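Here's the letter readout for the chains.
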Amino acid sequence: PGLRVFEPYLACDIHCASLHHLSKVHALLAKKRAAVLDETFGPDSVDVKLALPAAESLGFAADLLRWTSGAASATAMRFDRFALHPDDPFWQPTTLNEREEHGDAPLRHHNLPRTLINAVRARKGLPTELRLVQADAEKIRS
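These remarks concern the structure in this document. Since the model is a prediction, treat every value here as computed from it, not as a measurement. (Residues numbered from 1 in each chain as written. Predicted model: local features only at pLDDT ≥ 70, side-chain atom pairs only at ≥ 80, totals over all residues. Heavy atoms only, no water.)

### Quick notes on helix α1 (residues 22-31)
Thinking step 1. By the burial criterion, the buried members of α1 are Leu-22, Val-25, Leu-28 and Leu-29. On an axial view of α1, the arc spanned by its buried residues comes to 120°, and they lie on one face. Summarising the geometry of α1, the exposed residues directed more than 90 degrees from the buried face are Ser-23, Ala-30 and Lys-31.
Thinking step 2. At its buried positions, α1 is contacted by β1 (5-16), β2 (35-41), β3 (46-53), α2 (60-67) and β4 (72-85).
Thinking step 3. Positive phi appears at Arg-33, one or two residues downstream of α1, with a value of about 65°. (Buried < 20%, exposed > 50% of the residue type's maximum accessible area, 1.4 Å probe, protein only. Helix = DSSP H or I, 4+ residues; strand = E, 2+ residues; numbered from the N terminus. Arc of directions from axis to C-beta. Contact = heavy atoms within 4.5 Å.)

### Section: the pattern of salt bridges
Thinking step 1. Tallied over the full model, the rule gives six salt bridges.
Thinking step 2. As a salt-bridge pair, Asp-63 and Lys-32 come within 3.2 Å of each other at their nearest N and O atoms. Within this pair, whereas Asp-63 is found in helix α2, its partner Lys-32 is found in the loop between α1 and β2, the two being separated by 31 residues in sequence. The pair formed by Asp-63 and Lys-32 is uniform in burial state, with each residue classed as buried.
Thinking step 3. Here Glu-56 makes a salt bridge to Arg-33, at a shortest N to O gap of 3.3 Å. In this pair, Glu-56 sits in the loop between β3 and α2 while Arg-33 sits in the loop between α1 and β2, placing the two residues 23 residues apart along the sequence.
Thinking step 4. Residue Arg-33 is classed as partly exposed on the basis of its relative accessible area, which comes to 24%. (Salt bridge = Lys/Arg side-chain N within 4 Å of Asp/Glu carboxyl O.)

Now the structure itself:
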């Protein structure tokens, strides 16, 4: 079946002081691939419990404050569990049908586990398979 990646998840509690900003909270959670576990509605506030991938947690509290104009804040973040990602990070199209659908080269930018591996390798200063344009390259003038 190929290799799989275990992804760490954090349990997070969010307190939103205004019901008007709840849609912005949910938009940010969708962007960060978070799963809402529970919502508790108060008279003018909402408490949200969620599971957030650890890779998406970097800068999450600052993004939450910025997206909601300070109306929501992450009150607690703690390790929750590891989850197995179903996709193979090193998948290559092998059959004729797969080659017709995806081409000969794998779609690296759509493969989330491969993207996570490349992000960790880049953060640690290890080589990645990404091709970067050199900043000091000369322009071709015609």
